[in-house]
Amino acid sequence: MYKVWIARILYYLFFAIVFFIAFIIFIEIMNVDLLKSSFGNFFINLFKKIQF
């Protein structure tokens, strides 16, 4: 039964990450300078540490 819960958590976590990335792209398209703020610098440094 625990495998079902793990699969469910991973399923919703995946869609949460996809929604978050889509939200960031939408904000950038609407030309809000999010990535030029300290919040954006935090995410840029985070992605550099993860090294996609």
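Located above this text is the structure these notes cover.
It should be emphasised that the depicted structure is a prediction, and the values quoted were computed from it without experimental measurement.

Student: Is there a simple way to explain the overall build of the chain in this structure?
Tutor: Scanning the chain for helices and strands turns up two helices and zero strands. A buried classification covers 10% of the 52 residues belonging to the chain. Here the chain displays about 5,000 Å² of accessible surface, and carbon together with sulfur accounts for 75% of that area.

Student: Please clarify how the packing of aromatic side chains should be interpreted in this entry.
Tutor: One pair of aromatic rings is described through two measures. These are the centre distance and the angle between the planes. For the structure on display, the rule yields three aromatic pairs. Their ring planes at 70° and their centres at 5.0 Å tell us that Y11 and F15 sit as a pair that is edge-to-face. One end of the pair, Y11, and the other, F15, are both in helix α1 (residues 2–29), four residues apart, so they sit about a helical turn from each other. A relative accessible area of 43% means that F15 is categorised as partly exposed. Connected via pairs of aromatic rings, a cluster forms that spans Y11, Y12, F14 and F15. Looking at R8, its charged tip hangs above the ring of W5, at a distance of 5.1 Å from the centre.

Student: Whenever I open this one, helix α2 (residues 38–50) confuses me. Can you help?
Tutor: The periodicity of an α-helix, 3.6 residues per turn, causes residues three or four places apart in sequence to face the same way. In this model, α2 (13 residues) spans 18 Å end to end at C-alpha, consistent with the 18 Å of a helix rising 1.5 Å per residue. The first or second residue beyond α2 is Q51, which carries a positive phi of 60°.

Rules of the game
Residues numbered from 1 in each chain as written. Predicted model: local features only at pLDDT ≥ 70, side-chain atom pairs only at ≥ 80, totals over all residues. Heavy atoms only, no water. Helix = DSSP H or I, 4+ residues; strand = E, 2+ residues; numbered from the N terminus. Buried < 20%, exposed > 50% of the residue type's maximum accessible area, 1.4 Å probe, protein only. Areas by Shrake-Rupley, 256 points an atom, 1.4 Å probe, with all protein chains shown as cover. Phe/Tyr/Trp six-rings, centres within 6.5 Å; stacked < 30°, edge-to-face > 60°. Lys NZ or Arg CZ within 6 Å of the ring centre and 35° of its normal. Expected span 1.5 Å × (residues − 1).

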